[in-house]
Amino acid sequence: MRKLCLALLCLAPALSWTQNEAYVLAKQLAGLSSLTLNFEHNEANLDESSLYSFYGAVNDLYGATEIQICYDEKTFEERRNDLGARRKQWLMDLIRQEQIELLSENMHPSLPSNATGQVALFYRPRPDNQRVVIIRDTTYFSEEVGWEFTHAQDMMTEVANMTKAEVPVDIDHPLSSSQTMTGGFLQVQSVFSVHHPDRFFWSKPVQIKSLSANGKVKAPLNLYLFNPVSNRWMKFGNGMVSQKKKGDHYFFNVRLIHSGTYAIASELSFPKDYEACVYSNDCSVIQADLKDPRMVYNGQCIVQDNLRVIWIPKVKYPNDTYIEIQYRDKFGQVTKDEMSVAYLLKLQSPSLSFFN
Amino acid sequence: MNKKSFVVALFVVGFLMQVNAQNIIQTVNFTEIAEKYNTLSMEGEAMKWIQTIRVDYGEMKQTNTPIDVMTPIPNQIYFGQPKLYVWDPMFKAWEKVGSNALKQEALGLQFFYRFSISKPGLYGIFNALEDTKASLIEVPSTIQLQQLKLVSEDLKVALNFDHSVKGGKIKVPIAFPPAAMQITATWLDKKGKVCQVNNVTLAQMDALNQSDLDQGKWTLDFDTKQLLAVSQTPKK
């Protein structure tokens, strides 16, 4: 009995210190989201349920700040079959593979008093509204959330929590078309492309702020998503894009949940009719594109009647709007020609009335 | 076997299955379709080619499990409703597969055609031609047409007529063919001499001069609703 009391007296400071540290850690990590992980019995990998939990939270972990890892010291000290070292390696590989940044100073060889399991990950999820930084004409990469952002037009755009990376300007999505699926033309204010490297849909929306180059836009603005199959824009969502003033600048605010090329734009008058134009009877029109230096009346014309007739939307085109025609001539050669829309319309004569 | 090795093994099996699937299904381009087949339906209508795949089980045992095929939709504005067809080697035309066999699906921003195949063959996705009227090519009694091929690489239409015709008419299921549609034809003139034109465009044939005509080539007249084929054999 006396020996037992002596042993308890000797162990008391150590127990008290451990409890104290666990309590301090719990206090330090209070308010953070946690994830409990356990290893498979006698194996170096995580058990199935822990793996599911990890991947269930991986989206939050990408954008998270203050990631801290706490572990039961014994877990990584198991010398039998070098199990401890292998477990540590396995877990670190998993974290590295998912591109989650973890600082060595944030690794704690003890568990907080309120934690269970062998390993506990603590993190602060990314808030929805974050500080923004202005970017211009450069590809940016967010190390925190892992997205690549390509700015397509010479317009200022702000993106939440983006940091500059050593990536050259890469205009992947130039504004080749400003036509909507229904044939109308768009007055585009901003075009940008957001791609998640691993997945198409994101579990949480990202807020994008785009600086208006033209101050406050009076026309109602909508968000459009580019459809690469038809080379046209689809209206995305029902709500209009809001404009907010901050200092002397106006910003457009949009929230996105999946990868794609987007435009903030207002729709100009919808063409009620089309003009049937024949370029030449001696060639087949392969493609006809409207080109506008202001990038408003841009888009691919519909070519029908067995590649003989170009259908041009009936709208008031500025004088310098032109049409680029790619055609196969009577010798089978593919050639390009450019002419103003006004001239092509003038070329039409009653002798071609059999097409109507 | 631990979990990691098991996952690696699963990937290897998946890769091997992928390799097998690639051997079973092969895409066939329009050039091959225009050369060896056509784009005519069993009803004699001309169609626009979109995609073709050949399904061949080879030495593998054919199973009853249908193969699910997903093929990317090319970037283009489409009108009408594309349909799935299978090549009938007997009738040398494409037969429609069911009424609702072809589905369109999106994975992200990539759009796919999706359909199921339960037997080997040549499968094609075609769209109806906007122009459903037909024309006639008159073959004069003085010549014997042996083969006529009309191909438009841009419109993706290929019409092959390989039966011998003398003094008759050939129905072409297209009223105003593209001006750059290419014609390949072989015929026998009055004396049995073989005459041939290769990949000559319709617009080019319109502009044939007298010398060309005297050499036994054809002229095609667009002024009427018929495509007239007139043999201009040298006069003695």
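Computed from a predicted structure; not experimentally measured. (Residues numbered from 1 in each chain as written. Chains lettered and ligands numbered in written order. Predicted model: local features only at pLDDT ≥ 70, side-chain atom pairs only at ≥ 80, totals over all residues.)

## Examining the overall build of chain B
The cut-off we apply is this: Secondary structure elements are defined from DSSP: runs of H or I of at least 4 residues count as helices, runs of E of at least 2 residues count as strands, and each element is numbered from the N terminus. Any pair of residues counts as being in contact when their C-beta atoms, constructed from backbone geometry, are within 7 Å of one another.
Along the backbone of chain B there are four helices and 17 strands. Sequence separation of 24 or more characterises 65% of the internal contacts of chain B that already satisfy a separation of 6 or more.

## Structural notes on the overall build of chain A
This is how it is decided: The burial label depends on the number of other C-beta atoms within 10 Å of a residue's C-beta. Counts of 20 or more mean buried, 12 or fewer mean exposed, and intermediate counts mean partly exposed, with C-beta atoms placed from the backbone.
Tallying secondary structure elements over chain A gives five helices and 23 strands in all. The buried share of chain A, taken over its 356 residues, is 28%.

## Some details on the sheet that holds strand β23 (residues 334-340) of chain A
Residue and element names in this part refer to chain A. Definition in use: The pairing criterion is simple: DSSP has to find at least two bridges between the two strands.
In spatial order, the strands read β19-β18-β22-β23; together these four strands make up an open sheet with antiparallel pairing. Every other strand in the sheet has two partners, leaving β19 (299-300) and β23 as the edge strands with one partner each. Of the pairings in the sheet, the one linking strand β22 (residues 322-328) to β23 comprises seven bridges and is antiparallel in character. Note on β23: the bridge partner recorded for Q326 is K336.

## Let's talk about the nonpolar core
We count it as follows: One nonpolar core equals one set of buried Ala, Val, Leu, Ile, Met, Phe, Trp, Tyr and Cys residues connected by C-beta atoms within 7 Å.
Counting 78 residues, the largest nonpolar core has A:A263, A:I264, A:V285 and A:I310 as the members making the most contacts within it. A:L29, A:L37, A:Y71 and A:L91 belong to the second largest nonpolar core, which has 18 residues in total.

## Description of the interface of chain A and chain B
For the record, the criterion: Amino acids are sorted into nonpolar (Ala, Val, Leu, Ile, Met, Phe, Trp, Tyr, Cys and Pro), charged (Asp, Glu, Lys and Arg) and polar (every other residue, Gly among them).
Taken together, the contacts link 26 residues of chain A with 26 residues of chain B. Listed by contribution, the elements that provide at least two residues to the side of chain A that touches chain B are β18 (284-291) and β20 (302-304) of chain A. Looking at the side of chain A that touches chain B, its residues break down into eight nonpolar, eleven polar and seven charged.

## Overview of the sheet that holds strand β5 (residues 93-96) of chain B
All names here are of chain B. Our working rule: Comment: axis = line fitted to C-alpha atoms, over the contacting stretch for helices; angle = value between 0 and 180 degrees taken between N-to-C directions.
The five strands lie next to each other as β1-β2-β8-β4-β5, forming an open sheet whose pairing is antiparallel. Taken across any chain shown, the strands that pair with only one partner, and hence form the sheet edges, are β1 (25-27) and β5. Adjacent strand axes in the sheet meet at a mean angle of 35° when their direction is disregarded.

## Side note on the confidence of the model for chain A
All names here are of chain A. Put simply, the rule is: Values of pLDDT, ranging from 0 to 100, describe the predictor's confidence in every residue of the model.
Chain-level statistics for chain A give a pLDDT mean of 74 and a share of 72% at 70 or above. Across residues 13-17, where pLDDT falls below 50, the model places zero contacts with residues more than four positions away in sequence or in other chains. In this model residues 352-356 is a low-confidence stretch, pLDDT under 50, and it forms six contacts with partners more than four residues away in sequence or in other chains.

## Let's talk about the pairing of strand β14 (residues 182-188) of chain B
All names here are of chain B. Bridging between strand β10 (residues 144-152) and β14 involves seven bridges; their strand directions are antiparallel. Bridge pairing links L148 to A185 in β14. Here six bridges tie β14 to strand β15 (residues 194-201), and the two strands are oriented antiparallel to one another. Note on β15: the bridge partner recorded for A185 is V197. Between β14 and the antiparallel strand that follows it, β15, lie five residues; G192 among them carries a positive phi value of about 85°.

## Details of the environment of B:S141
Residues and elements named next belong to chain B. Secondary-structure assignment places S141 in the loop between β9 (135-138) and β10. Owing to 11 C-beta atoms within 10 Å, S141 belongs among the exposed residues under this scheme. Sequence separation of S141 and D189 is 48 residues, and the distance between their C-alpha atoms is 9.8 Å. Beyond its immediate stretch of four places on either side in the chain, S141 contacts K166 and G167.

## Notes on the environment of B:L159
All names here are of chain B. When you line up the elements, L159 lands in strand β11 (residues 157-161). Classification of L159 as buried rests on a count of 20 C-beta atoms within 10 Å. Separated by ten residues in sequence, L159 and K149 have C-alpha atoms that sit 5.6 Å apart.

## Notes on unusual backbone geometry
Excluding glycine, most residues fall at negative phi; most peptide bonds, likewise, are trans. All names here are of chain B. Look at K92: it is not a glycine, yet its phi comes out positive at around 50°. Mapped onto the elements of the fold, K92 is located in the loop between β4 (83-88) and β5. On the basis of neighbour counts, which here come to 13 C-beta atoms within 10 Å, the residue K92 falls in the partly exposed class. The phi torsion at N199 lies on the positive side, around 50°, for a residue other than glycine. Positionally, N199 belongs in strand β15.

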